[in-house]
Amino acid sequence: MLTRLKGGHVVDPANDRDGVGDVFIEDGTVVEAPAPAREADETIDCTGLVVMAGAIDIHSHIAGGHVNTARLLLPEWHRAFSSRPGETALSKVGWTTEETGLRYAEMGFTTVVEPAMAPSSALHAHLELADTPIIDKATLVVLGNDDLLLEMIRAGESDAAIADYVSWTVASSRALGVKCINAGGSAAFKENVRKFDFDDVVPDYGVSSRQIMKTLQSAVKTLGIPHPLHVHCNNLGVPGASSDAIEATIKAAEGDPLHLAHIQFYGYGTEGKRRFSSRGQKLAELVNATKEVTVDIGQVMFGQTVTISSDELRQFAGAKQASPGKSIIFDHEANGGGVVPMDYKKKSFHNALQWAIGLELFLLIEDPSRVFFTTDHPNGAPFTTYPDIFALLMDRGVRARWLEALPKSVAKMTSLPEIEREYTLGEIATMTRAAPARLLGTADRGHLGAGAVGDVSVYRPGDDKAAMFARAAYVLKDGDLVVRDGAVVKRKFGRALTLRPEPDKAMQTRLDRYFDDKYGLSSRWFEVPEGALGREEPFKVMPCRA
Amino acid sequence: METAWIDGKPASLEEALRAAGTLLGKARQPLVTGLRTDVAGVRAAFLLALRAGGIVDHAKSAGLYPFIAAARDGGAFLAAPGEMRRRADRVLIVGDEPATIGADLLRMLAETTPDLGVRSRGAGRSFMAVSRQTVTLPGGVESDHLDCASDDVVDLLGMVRAKLGGRRVGEGAVGDEVVETVARFLSEAGFAAIIFSPSEFGEIGTEQIFGLAEDLNQTTRASTLLVVADPDALGAALQATWTSGFPLRISHGRGEWEHDPALFSSERQIAKEGEADVVVYVDALAGADTSLPPPEKPTILIAAGSGQTSGAKVAFKVGAAGRDHDGVLYNARFGDFVATSAETKSELPTAAGILDALASQLGENAEKAA
Ligand SMILES: [Zn+2]
């Protein structure tokens, strides 16, 4: 079947398109314009509308044990418990796999990456993803606090052996990439260490966070995993120490690709009478100057949310600020983690400055292909706040109005009021489509060239950018019309994008023995068999680099 | 081989599905419970309840609710068994249920010693039980025993918390010396693991135990290991949470998932005063032996056991997940879901298959009526 999206303003930076034209989709895939004589089976009139590829979210906690615990911890924000339904951002999220898929699709997002899958929770994460409708999904698997990696580094094992272990982990968990979260920090916390810097060593192992991070960065490169190592730095949220940690980490990239997650949470200094200040400008300059790194923001927006993280050390510390005052802390194999509710308040100097620092970073980092659009959902804010963030980036009038509503002391501590930049539609498309596809190594999406998957979002432009991005006029998923006027009209299931590296057989034998001897667990329990997910084609395999 | 019955008489699968569909179609308040099945079966059960406007619960969710309620009201510290095997140098056994429903876990901890962490490895692992019964560990491993009835355990732990916090410890059922002993045992640990069964202590007692773990973590490291009698109920609760936002006891009677821990509990609904008028009862794991709900409520039974057909209006014999067919099951030892391969080849239908067939039957009926 041939579908024609007719006469829209096509914004497709990956193919240098920015003008009125058509997009054709045949049997789920974007195709070249057919011969003039051929009639399309279906024509969608896009006159006056903006046509982009489906958006890609590279970092959003949507599935797995910790996310599910957060649902358990905060039932009162679900509709049935809320005295004023729809009043809080989280109640809008709906907080289920079903709502996650539908709400993303309605905003024109068609691919979302769950960035913190524990190897021991891989099947669980994929079961949730298999229940998340419409969108395609992918996961990053977490290493860097696991006994085996630390022991291999301590023992001076070969790069090849370590790469093989990483390869096994990616293959058995069906991941698209690798993440490290406060490398060594959770392992140190289990030894009762309460503060852990980039050059601190994990007790007993004598291995530093830097060593762990560099080891994983190199293994990812050796294996040809397209997505660079995805790093959650040490000292998240700590004024001064957070910005020291991210600076040291960025400098340690040393010419090889590295992705730094939710950098807003590291843009904190200790200046001012409250000992809390913005280092947004300085951090943006460092990112601008370090071409091998990419970053996402983790923008804070105001309202009730819940933080979910495998950074057990920092979540334990943050539990003291939990609002409401309750949290769940996990001591699992490897990372563990924590779930801590958070209520970001407009009236709070601290929260308002966090909001401003996120926007400084978005606006001062010059290259939209190296800065990615995230709230670290739900850590900075639920993903349902995205339309407001698009408006804040694209319209300085909107920023000025928001700033006015914040404590006066905040405006003095941020360069935000002086920043004039407004993101163009092309830059938005780069940041949310073209660049994420390149970063993830998923060449089949993020653009509208021939051969791309038929994932398309069409928006009704207007002065109110939040309204424009909240409700897509049309969304096509693999060529099927799934959203019309901001509402889902067809429910289907997407797939999980995975790599399929082939680890050495000897590594399987070694891990069979290791998990059995050390933990009393079967290594097979870490696997995600295709047949376990109850969907016809649950995976789509993406190639590694040769 | 007979696999379906109507009023206790053998029937074809098609006839039985039709009879069950009719029964559900007429029901004012369907209830889907039992829920002893794999992830595919639970997924299908939710779909059926969604189509039928029904209530869903697991028959044994009452054993979980003290944990669920305590965790969502006050938070928790939770550990994985495998990590505690490698790290816990002190194990506090709280109450009498760990020795029965947690026997496997205790055996694993008794048969191993911590090998991770400068603070915790080297000195072996010591055990202390505050319980009524003495705890016998395998291999002659010793456990100190402080005699304490379940009712008094919670008080004792409260006094331990007061002592750890430097507050005055009031008079209690146990002497100050015991309080001091437990406090020292835990606070001197490199990593303390507290093992308990939430159903033994209820919500308030469970909150006290999580609170103790929280207090300990101000200065040292500690966490808890839960033991539950029905791990598949925990799996069903997790799945309900991602599907509906709530840990079981949910209803789709008003067009969206609603949660009411009292109103929608299986125990209440199955009893005479419950609103449910048709019960779909799923009992499809190995070792199926759950007794039928009372016969005054018409029941559609989906069971892996034999000889469970009498009393049910319609009955289906299905395979047990993980034994007769592959399935994903919650594994307490792993602390998460595990894909489990069948032990034998079986021609029996799956619980998920029957539930899906019932759900699509309701879908068709709804279309015909429209
Ligand atoms: Zn994150």
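How each quantity is defined
- As a convention, each chain's residues are numbered from 1 in the sequence order in which they are written.
- Each chain gets a letter, beginning with A, and each ligand a number, beginning with 1, in the order they are written.
- Thresholds applied to this predicted model are a pLDDT of at least 70 for local features of residues and 80 or more for the giving and counting of side-chain atom pairs; totals over whole chains, interfaces and linings are not thresholded and use all residues.
- Only heavy atoms go into the side-chain values, all of them from the structure, while hydrogens and water stay out.
- Salt bridge, as applied in this entry: a Lys or Arg side-chain nitrogen positioned within 4 Å of an Asp or Glu carboxyl oxygen.
- Segments assigned H or I by DSSP are reported as helices when at least four residues long, segments assigned E as strands when at least two residues long, and all are numbered from the N terminus.
- The classification of residues rests on relative accessible area computed with a 1.4 Å probe and restricted to protein chains. Under 20% of the type maximum is buried, over 50% is exposed, and intermediate values are partly exposed.
- Classification of ring pairs rests on two measures: the distance between centres of Phe, Tyr or Trp rings, Trp counted by its six-membered ring, which must be within 6.5 Å, and the angle between planes, read as stacked under 30 degrees, edge-to-face over 60 and tilted in between.
- Metal-coordinating donors are taken as N, O and S atoms lying within 2.8 Å of the metal, or within 3.2 Å when the metal is Na, K or Ca; because water is left out, some sites can appear incomplete.
- Segmentation of the chain into domains, including their bounds, is taken from an automatic or database domain assignment.
- Working rule for contacts: check all heavy atoms of both residues, and any pair within 4.5 Å makes them a contact.
- Using a 1.4 Å probe, buried area is obtained as the accessible area two parts lose upon being combined, added over both of them.
- Each residue gets one of three labels, nonpolar for Ala, Val, Leu, Ile, Met, Phe, Trp, Tyr, Cys and Pro, charged for Asp, Glu, Lys and Arg, and polar for the others, Gly among them.
- Under this definition, polar contacts are N or O atom pairs within 3.5 Å; protein pairs additionally need one hydrogen-donor-capable and one acceptor-capable atom, and for neighbouring residues in sequence, both atoms have to be side-chain atoms.
- Note: two strands are recorded as paired if DSSP finds a minimum of 2 bridges between them.

- In the nomenclature of an unreviewed UniProt entry, chain B corresponds to Tungsten formylmethanofuran dehydrogenase from the organism Jiella mangrovi.

- Going by what an unreviewed UniProt entry lists, chain A is known as Formylmethanofuran dehydrogenase subunit A and is assigned to Jiella mangrovi.

## Things to note about the pattern of salt bridges
Residues and elements named next belong to chain A.
Part 1: Taken as a whole and assessed by the stated rule, the structure comprises 53 salt bridges over all chains.
Part 2: Between Arg4 and Asp22 there is a salt bridge, with its nearest N and O atoms 2.6 Å apart. In this pair, Arg4 sits in strand β1 (residues 2-12) while Asp22 sits in strand β2 (residues 17-26), placing the two residues 18 residues apart along the sequence.
Part 3: According to the relative accessible area criterion, Arg4 is partly exposed, its value standing at 26%.

## Thoughts on the packing of aromatic side chains
Residue and element names in this part refer to chain A.
Part 1: Tallied over the full model, the rule gives 29 aromatic pairs over all chains.
Part 2: Ring geometry for Tyr514 against Phe515: centres 5.1 Å apart, planes inclined by 70°, an arrangement best described as edge-to-face.
Part 3: When its relative accessible area of 10% is taken as the criterion, Tyr514 is described as buried.
Part 4: Using a relative accessible area of 8% as the deciding quantity, one classes Phe515 as buried.

## Thoughts on the coordination of the zinc ion
Residue and element names in this part refer to chain A.
Part 1: In the first shell of the zinc ion, the protein supplies His59 (NE2), His61 (NE2) and Asp376 (OD), at 2.1 Å from the metal.
Part 2: Spacing between the donor residues of the zinc ion along their common chain follows H-x1-H-x314-D. Both residues of the pair, His59 and His61, belong to the buried class.

## Looking at the domain arrangement of chain B
Residues and elements named next belong to chain B.
Part 1: Its domain assignment divides chain B into domain 1 (4-63 + 231-369) and domain 2 (66-226).
Part 2: Computed from C-alpha coordinates alone, the two centres of domain 1 and domain 2 are separated by 36 Å.
Part 3: Across the contact, 9 residues belong to domain 1 and 9 residues belong to domain 2.
Part 4: Interface of domain 1 and domain 2: buried area, both sides summed, is about 610 Å²; carbon and sulfur atoms make up 59% of it.
Part 5: Run the count over domain 1 and domain 2 and you get 0 salt bridges.
Part 6: Looking at the side of domain 1 that touches domain 2 residue by residue, the classes come out as 6 nonpolar, 2 polar and 1 charged.

## Some remarks on the interface of chain A and chain B
Part 1: Opposite the 56 residues of chain A that make contact, chain B presents 53 residues.
Part 2: In total, chain A and chain B occlude about 4,500 Å² of area from one another, counting both sides; carbon and sulfur atoms represent 55% of this.
Part 3: Of all residues in chain A, Leu72, Asp331 and Trp525 of chain A bury the most surface against chain B, accounting for 15% of the area lost on that side.
Part 4: On inspection of chain A and its partner chain B, the count reaches 7 salt bridges.
Part 5: Between Glu83 of chain B and Lys190 of chain A there is a salt bridge; the shortest N-O distance is 3.4 Å.
Part 6: The interface formed by chain A and chain B contains 32 residue pairs in polar contact (both at pLDDT 80 or more).
Part 7: Of all the secondary structure elements, the ones that give two or more residues to the side of chain A that touches chain B are α1 (65-73), α4 (122-130), α7 (185-189), α11 (312-318), β18 (328-331) and α18 (505-519) of chain A.
Part 8: Here β18 of chain A pairs with strand β5 (residues 76-79) of chain B via 4 bridges, running parallel.

## Comments concerning the environment of Arg71 of chain A
Part 1: Residue position: Arg71 of chain A is located in helix α1.
Part 2: Expressed as a C-alpha distance, the spacing of Arg71 of chain A and Leu229 of chain A, which sit 158 residues apart in the sequence, is 28 Å.
Part 3: With residues near it in sequence (within four places) discarded, Arg71 of chain A still touches Ile62, Trp95, Thr96, Thr97 and Glu128 of chain A together with Thr241, Trp242 and Gly245 of chain B.

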